[in-house]
Amino acid sequence: MNIPTTPVHQTVFNDPGAWASSDLGAPAGLATQLPDAVLEELDQALASVRKESKHLADLTSDTFRLPCLTDFAQSLRKDLLTGRGLVLLRGLPMERYTRDEAAMLYWGIGATLGPTIPQNAKGERLYSVRDEGYRIEKDYGATGVRYSKTTESFNFHTDSAPILTTATPDVIGLFAMHTAKSGGETLLVSAKTAHNVLLVEQPDSLAQLYGSFHHDRIAEWQPGQPRTLEAPVLRFDTDLEMRYMRFYIEQGHQKAAVPLSPEQVAAFDRLDAVMNRAELQLRFAMEAGDILLLNNHFVLHSRTAFEDYPEIDRRRHYARMWMKVPAA
């Protein structure tokens, strides 16, 4: 089970996706407000859902096939696929909806972009990112234990589903339903910008990242399946594609009994150092009701550690979606 490698892309990226934080400005200015016409349509669709007593699992893409939302999704799709690769949506009036209703509206917006895909063996298409008391150092290896189920910080990464092996989501969505008492900031960085830096400063390390690595699949591994996926960190077909979560690669090489070479470790160190340059990162705190959409092929995300509220109903809770988004 593997994803094929490609030759190293030797040209500097100069499209809008190769951004640094100074190119984007403050997050408040970066945010896109949900248009009033879209909000009105969403309310009408929600009223119909309530009337029919439907639940989230009953919804289909036809439920939210709405003219204004469809046109709006077209503009989002352009930003995500051929623009900066990130969209921060604001303006969903959370005080008007129950938690389940807000989740339905979020799902409707995401499903208008493209088909949603399951994120685990349970087939969940709307996945809860919240602390469930796990600690990676102690609990890693048990089915379903991921960083997303802890309060811990984690490094820059792209999302991929161990259960789906080679089916990488094109776009990921994060919906802030409740925010933490403190911490839990979001950090974003462009893989294209990091690629440009490495091409100039560390071309040998860049070449290492185009080689094949073992990615651990233990979070959703099923008996009889390969325990690792062999895939490069970087590949270039029609555009740059990155697949990176360093911890899972290190675990994958342990399980495959194939030690990482000193050159591979050095390449990871140099990649991490570049992505952690403050001038390249966009860093902000999401607000309740925010929806963050990211091109999962070239925008990496991370988060700082957080402290939660003691009350269960106030604890940090994000809903995550993965989507396949066609270019046309």
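Before reading on, note that the structure itself is shown above.
The following paragraphs examine the structure supplied in this document. This structure is a prediction, so every number in the text was calculated from the model and none was measured.

Re the pattern of salt bridges
Close approach of charged atoms allows side chains of opposite charge to pair. As enumerated under the stated definition, the model contains 19 salt bridges in all. The partner of Lys192 in a salt bridge is Asp15, and the shortest N-O contact between them spans 3.1 Å. Residue Lys192 is found in helix α7 (residues 191-201), and its partner Asp15 is found in the segment before α1 (21-24); the two are separated by 177 residues along the sequence. With relative accessibility at 2%, the residue Lys192 sits in the buried group. Owing to a relative accessible area of 25%, Asp15 belongs among the partly exposed residues under this scheme. The partner of Asp43 in a salt bridge is Arg96, with the nearest N and O atoms 2.2 Å apart. Of this pair, Asp43 sits in helix α3 (residues 36-51) while Arg96 sits in the loop between β2 (86-90) and α5 (99-113), placing them 53 residues apart in sequence.

Structural notes on the environment of Val258
Relative to the helices and strands, Val258 is located in the loop between α9 (246-256) and α10 (262-275). You can call Val258 partly exposed: its relative accessible area is 36%. Sequence spacing of Val258 and Phe213 is 45 residues, and the spatial spacing of their C-alpha atoms is 9.4 Å.

Focus: the environment of Lys255
Here Lys255 lies in helix α9. A polar side-chain atom of Lys255 sits 3.3 Å from a polar atom in the side chain of Asp216.

Overview of the layout of surface pockets
The space that makes up the second largest pocket amounts to roughly 260 Å³. In terms of lining residues, the second largest pocket is bounded by 13 residues, among which Leu81, Thr238, Asp239, Asn295 and His297 are the most central. Those elements that provide at least two residues to the lining of the second largest pocket are α4 (67-82) and β11 (240-242). Class assignment for the residues of the lining of the second largest pocket results in five nonpolar, four polar and four charged.

Thoughts on the sheet that holds strand β14 (residues 299-303)
A sheet is described by the order of its strands in space; here four strands give the open sequence β4-β14-β7-β12, paired in antiparallel fashion. Of all strands in the sheet, those with a lone pairing partner are β4 (154-157) and β12 (282-284), marking the two edges. Recorded for the sheet is a direction-independent mean angle of 15° between the axes of neighbouring strands. Sheet topology places strand β7 (residues 186-190) next to β14; five bridges connect them, and they run antiparallel. Looking at β14, one finds that Leu188 is bridged to His301. Packed on one face of the sheet, α7 meets β7 and β14 and runs near 50° to β7.

As for the nonpolar core
Counting 51 residues, the largest nonpolar core has Leu188, Val233, Tyr244 and Leu271 as the members making the most contacts within it. When near neighbours in sequence (up to four residues on either side) are disregarded, Val233 contacts Leu209, Gly211, Phe213, Glu241, Met242, Arg243, Tyr244, Ile249, Phe268 and Leu271. Formed by 38 residues, the second largest nonpolar core is a distinct cluster that contains Leu46, Leu66, Leu126 and Ile291.

As for the pairing of strand β9 (residues 228-232)
In terms of residue burial, β9 counts as a mostly covered element, since four of its five residues are buried. Bridge analysis of strand β8 (residues 212-216) against β9 gives five bridges, and the strand direction is antiparallel. Among the inter-strand pairings, His215 is bridged to a residue of β9, identified as Leu229.

Remarks on the sheet that holds strand β3 (residues 127-129)
Here we have six strands laid out as an open sheet, ordered β1-β2-β13-β5-β16-β3, and mixed in their pairing. Two strands lie at the open edges of the sheet, namely β1 (32-33) and β3, each paired on one side alone. Strand direction decides the pairing type here: β2 and strand β13 (residues 291-295), joined by four bridges, are antiparallel. If you follow Leu88 over to β13, its bridge partner there is Leu292. Along the sheet face, α4 touches β1, β2, β5 (171-178) and β13 and points at about 145° away from the line of β2.

Things to note about the packing of α4 against α5
Two elements in contact, α4 and α5, have axes whose closest approach is 9 Å; the angle formed by their N-to-C orientations is 65°. Here α5 runs roughly perpendicular to α4, going by the angle between their axes. The handedness of the crossing between α4 and α5 comes out as right-handed. Only Gly108, Ile109, Thr112 and Leu113 of α5 make contact with α4, whose side of the interface consists of Leu69, Thr70, Ala73, Leu76, Arg77 and Leu80. Each residue belonging to the contact of α4 with α5 can be placed in one class, and the counts come to six nonpolar, three polar and one charged.

Definitions and limits used
Residues numbered from 1 in each chain as written. Predicted model: local features only at pLDDT ≥ 70, side-chain atom pairs only at ≥ 80, totals over all residues. Heavy atoms only, no water. Salt bridge = Lys/Arg side-chain N within 4 Å of Asp/Glu carboxyl O. Helix = DSSP H or I, 4+ residues; strand = E, 2+ residues; numbered from the N terminus. Buried < 20%, exposed > 50% of the residue type's maximum accessible area, 1.4 Å probe, protein only. Polar contact = N/O pair within 3.5 Å; in protein donor to acceptor, adjacent residues only side chain to side chain. 1 Å grid on protein atoms, 1.4 Å probe; cavity = no way out; pocket = protein on both sides within 12 Å on 5 of 7 lines; lining within 4 Å. Points joined across faces, edges and corners; volume = space filled by probe spheres on them. Nonpolar A, V, L, I, M, F, W, Y, C, P; charged D, E, K, R; others polar. Pairing = 2+ DSSP bridges. Axes fitted to C-alpha atoms, helices over the stretch in contact; angles between N-to-C directions. Contact = heavy atoms within 4.5 Å. Core = buried A, V, L, I, M, F, W, Y, C linked by side-chain atoms within 4.5 Å. Parallel < 35°, antiparallel > 145°, perpendicular 65-115°, else oblique. Left-handed = near helix turned anticlockwise from the far one by under 90°.

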